[in-house]
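Coordinate inspection notes
The lines below spell out each chain.
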Amino acid sequence: MKMKTAIALLLLSAFSAGNASAAEKTEQQQKMTLCNQHAGEKGLKGDDRKAFMSNCLKKDSKMDGLTPQQRKMKTCNADASQKQLKGDERKTFMSACLKKS
């Protein structure tokens, strides 16, 4: 009988510990959630979404503490750079990107 109680307590504690860990997101998981939201807002799909997510998830990507407009400027700028846009093409792209809601 004591063995069954010990096993039950062990399983209960393991289950409780697992739930506590799942409830607390790591910094990387929080960043993934934020990047996913931004990609969704921009309506990105396929390779464009993969490229955006990769850039957004980089450790040096500092999106925390920025205003929504600053975040939009940063992501549009990164997208324009990734597409290697220059001059008038870049200006047109940035204007259209920044107007998107």
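Here, the structure is the one placed above.
Residues numbered from 1 in each chain as written. Predicted model: local features only at pLDDT ≥ 70, side-chain atom pairs only at ≥ 80, totals over all residues. Heavy atoms only, no water.

Quick notes on the overall build of the chain
Helices and strands together make up the secondary structure of the chain, namely five helices and zero strands. Listed N to C, the secondary structure of the chain is α-α-α-α-α in terms of helices and strands. Scored against the burial criterion, the 101 residues of the chain give a buried share of 20%. Taking the contacts inside the chain whose residues are at least 6 apart along the sequence as the reference set, 38% of them involve residues at least 24 apart. Split by element, the accessible area of the chain, about 7900 Å² in all, is 58% carbon and sulfur. (Helix = DSSP H or I, 4+ residues; strand = E, 2+ residues; numbered from the N terminus. Buried < 20%, exposed > 50% of the residue type's maximum accessible area, 1.4 Å probe, protein only. Contact = heavy atoms within 4.5 Å. Areas by Shrake-Rupley, 256 points an atom, 1.4 Å probe, with all protein chains shown as cover.)

A closer look at the packing of helix 2 (residues 27–42) against helix 3 (residues 46–57)
At a minimum axis separation of 10 Å, helix 2 and helix 3 run at an interaxial angle of 145 degrees. By crossing handedness, the relation of helix 2 to helix 3 is classed as right-handed. Residues Gln 28, Lys 31, Met 32, Cys 35, Asn 36, His 38, Ala 39, Gly 40 and Lys 42 of helix 2 lie in contact with helix 3, whose contacting residues are Arg 49, Phe 52, Met 53, Cys 56 and Leu 57. Per-class residue counts for the contact of helix 2 with helix 3 are seven nonpolar, four polar and three charged. (Axes fitted to C-alpha atoms, helices over the stretch in contact; angles between N-to-C directions. Left-handed = near helix turned anticlockwise from the far one by under 90°. Nonpolar A, V, L, I, M, F, W, Y, C, P; charged D, E, K, R; others polar.)

Quick look at the state of the cysteines
Counting across every chain of the model gives two disulfides. One disulfide bridge connects Cys 35 with Cys 56, the sulfur atoms lying 1.9 Å from each other. Sign of the S-S torsion, about -85 degrees for the bond between Cys 35 and Cys 56, identifies this disulfide as left-handed. Within this pair, whereas Cys 35 is found in helix 2, its partner Cys 56 is found in helix 3, the two being separated by 21 residues in sequence. In this structure, Cys 35 and Cys 56 share a single accessibility class: buried. Paired by a disulfide, Cys 76 and Cys 97 hold their sulfur atoms 1.9 Å apart. Its S-S torsion of about -80 degrees marks the bond between Cys 76 and Cys 97 as left-handed, since a negative value means left-handed. Of this pair, Cys 76 sits in helix 4 (residues 68–82) while Cys 97 sits in helix 5 (residues 87–99); the two residues are 21 residues apart in sequence, bridging distant segments of the chain. The same class applies to Cys 76 and to Cys 97, which are both buried. In the chain, the bonded cysteines, taken in the order they occur along the sequence, pair up as 1-2, 3-4. (Disulfide = S-S within 2.5 Å.)

Description of unusual backbone geometry
One non-glycine residue, Gln 84, adopts positive backbone phi at about 55 degrees. Within the secondary structure layout, Gln 84 lies in the loop between helix 4 and helix 5.

Details of the nonpolar core
Residues Cys 35, Ala 39, Leu 44, Phe 52, Met 53, Cys 56 and Leu 57 constitute the largest nonpolar core, which totals seven residues. The set of elements that each furnish at least two residues to this core consists of helix 2 and helix 3. It is helix 3 that provides the largest number of residues to this core, a total of four residues. Non-local contacts of Leu 44, meaning those with residues more than four positions away in its chain, are made with Ala 39, Arg 49 and Phe 52. Residues Cys 76, Leu 85, Phe 93 and Met 94 belong to the second largest nonpolar core, which totals six residues. (Core = buried A, V, L, I, M, F, W, Y, C linked by side-chain atoms within 4.5 Å.)

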